[in-house]
Amino acid sequence: MTATKAVAVAHSNIALAKYWGKKDEAENLPAVPSLSLTLAALRTRTEVAFDDSLERDVVLLGGAELSERPLERVRDMLDKVRSLAGLQRFARVESQNDFPTASGLASSASGFAALALAATRAAGLELPPAAVSALARESSASAARSLFGGYVVLDAGARRAEPLFSGSHFDLRMLVALVTRGEKATGSSEGMKLTARTSPYYPAWVAEAPRVYERARAALTARDLPALGEAMEQSALMMHASMLAARPGLLYFAPATLALIARVKELRAGGVPAYFTIDAGPHVKVLTLPERAAAVQSALAEVPGVVDVLVSAPGPDATLEP
Ligand code: DP6
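Residues numbered from 1 in each chain as written. Predicted model: local features only at pLDDT ≥ 70, side-chain atom pairs only at ≥ 80, totals over all residues. Heavy atoms only, no water.

Could you give me a rundown of the overall build of the protein, with the residues and numbers involved?
Scanning the protein for helices and strands turns up 9 helices and 14 strands. On the principal axes, the C-alpha backbone points of the protein span a range of 60 × 40 × 40 Å. Burial status across the protein gives 53% buried among its 322 residues. Across the protein, contacts joining residues at least 24 apart in sequence account for 75% of those joining residues at least 6 apart. Carbon and sulfur atoms provide 52% of the accessible area of the protein, an area that totals close to 13,800 Å². (Helix = DSSP H or I, 4+ residues; strand = E, 2+ residues; numbered from the N terminus. Buried < 20%, exposed > 50% of the residue type's maximum accessible area, 1.4 Å probe, protein only. Contact = heavy atoms within 4.5 Å. Areas by Shrake-Rupley, 256 points an atom, 1.4 Å probe, with all protein chains shown as cover.)

Can you lay out the site of the ligand for me, pointing to particular residues and giving the numbers?
Taken together, 19 residues lie around the ligand, and Tyr19, Lys22, Ser142, Arg145 and Ser189 are the ones closest in. Note that an oxygen atom of the ligand is positioned 2.6 Å from one of the side-chain N or O atoms of Lys22. One of the side-chain nitrogen or oxygen atoms of Ser140 is found 2.7 Å away from an oxygen atom of the ligand. If the ligand stood free it would expose 460 Å²; the protein chains cover 94% of that surface. (Near = heavy atom within 4 Å. Polar contact = N/O pair within 3.5 Å; in protein donor to acceptor, adjacent residues only side chain to side chain.)

Could you give an account of the packing of helix H1 (residues 68-85) against helix H2 (residues 108-122), naming the residues involved and the relevant values?
Where H1 meets H2, the axes come as close as 10 Å, and the angle between the chain directions of the two elements is 30 degrees. The chirality of how H1 crosses H2 is right-handed. Between H1 and H2, the contacting residues are Arg73, Val74, Met77, Leu78 and Val81 on the first element and Phe112, Leu115, Ala116, Ala119 and Thr120 on the second. Here the contact of H1 with H2 is built from residues that sort into 8 nonpolar, 1 polar and 1 charged. (Axes fitted to C-alpha atoms, helices over the stretch in contact; angles between N-to-C directions. Left-handed = near helix turned anticlockwise from the far one by under 90°. Nonpolar A, V, L, I, M, F, W, Y, C, P; charged D, E, K, R; others polar.)

Break down the sheet that holds strand S11 (residues 274-277) for me, with residues and values.
Strand order in the open sheet formed by 4 strands is S11-S12-S10-S13, with antiparallel pairing between adjacent strands. At either end of the open sheet lies a strand with only one pairing partner, and these are S11 and strand S13 (306-312). Taking each pair of neighbouring strands and ignoring which way they run, the sheet shows an average axis angle of 25 degrees. Here strand S10 (residues 173-179) pairs with strand S12 (residues 284-288) via 5 bridges, running antiparallel. (Pairing = 2+ DSSP bridges.)

Let's hear about the pairing of strand S8 (residues 151-154): which residues, and what values?
Judged by which residues are buried, S8 turns out to be covered on both faces: Tyr151 and Val153 on one side and Val152 and Leu154 on the other are all buried. With 4 bridges connecting them, strand S4 (residues 34-51) and S8 associate as antiparallel partners. The residue of S8 that forms the bridge with Leu35 is Val153. Pairing between S8 and strand S9 (residues 162-165): 3 bridges, direction antiparallel. Within S9, the residue paired with Tyr151 across the bridge is Phe165.

Describe the packing of helix H6 (residues 202-221) against helix H7 (residues 225-244), and please don't skip the residues or the numbers.
Their axes nearest at 8 Å, the elements H6 and H7 cross at an angle of 165 degrees. For the element pair H6 / H7, the angle class is roughly antiparallel. Where H6 crosses over H7, the handedness of that crossing is left-handed. Of the residues in H7, those touching H6 at Tyr202, Trp205, Glu208, Ala209, Val212, Arg215, Ala216, Ala219 and Leu220 are Ala227, Leu228, Glu230, Ala231, Gln234, Ser235, Met238, Met239 and Ser242. When the residues that make up the contact of H6 with H7 are grouped by side-chain class, the tally is 12 nonpolar, 3 polar and 3 charged. (Parallel < 35°, antiparallel > 145°, perpendicular 65-115°, else oblique.)

Describe the pattern of salt bridges, and please don't skip the residues or the numbers.
Scanning the model with the defined rule gives 18 salt bridges in all. Where Arg82 meets Asp79, a salt bridge forms, and the shortest distance between an N and an O atom there is 2.8 Å. Pair noted here: Arg82 and Asp79 are both in helix H1, with a separation of 3 residues, about one helical turn. Judged by its relative accessible area of 7%, Arg82 is buried. Among the charged side chains, a network of salt bridges with common partners joins Lys18, Asp279 and Lys285. (Salt bridge = Lys/Arg side-chain N within 4 Å of Asp/Glu carboxyl O.)

What follows is the structure, encoded as structure tokens:
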């Protein structure tokens, strides 16, 4: 008898060297290599049950039923799993993030990683982590990285992510400064398509990103935080420069985003090793040493417009609950 129900837990990840743009849109293959850190403090728990009595797929996120595009993205993955497993039944999916999603903090990485793992197992498949990573990548490329703990790479054109180092290789802290959001931001998939189509800086980004990635990777290998931080900041700013030059320009920053960057630079001028990165939203993520995390957290919390500052250690692999 094969399992019809499974529960998986996956952690979110933040790219130190960013992925932005697709080599192949239909297959969702990334145009540039990326390097991420999986975060212990940002977790998604997803339960999938394939059930004979259902007449359609039902998907709940944080207790609220999904519809339209978000539902379609989940259904697309469920369809792939059904065809892999030769299954006809519909599924009930219940997913919960233990971090605030209302704030607009990206949850697709941990969300699709947990869904891929839970859905394949609930369908009776036992796939190796690399295959689950490949399935997650088809829904959201950054999700491929959330199958693995610690430091993870997703190469340009790669079908799956690969673990590079466990978190203990370089025990750092990532702080997530949550900023109030004004209007709804453009989603990553849409934003990167617009950038690729219209930004004159997109070719420059694709040409330069591999070099910044290599610098970040070498610095991480050498456990050199200043060099890693420098490469991480350049990766984020270069990615945002390519977005800003799109038509219409994609501006994800809020006033507090810039105030946080200024605060991080002040901290650094005062001798605190702290480095920022920013994704497709106004929040600012800051990398520092464990012994500096508390001081950096209070410094960031004082910045006007900041609603909360989460602190995270490196997180583990995605897992199935027994
Ligand atoms: C800025 O993985 O959300 O967070 O593959 O289209 O789903 P899709 O995009 P997504 O993009 C993440 C972009 C980023 C940088 C990163 O995580 O590398």
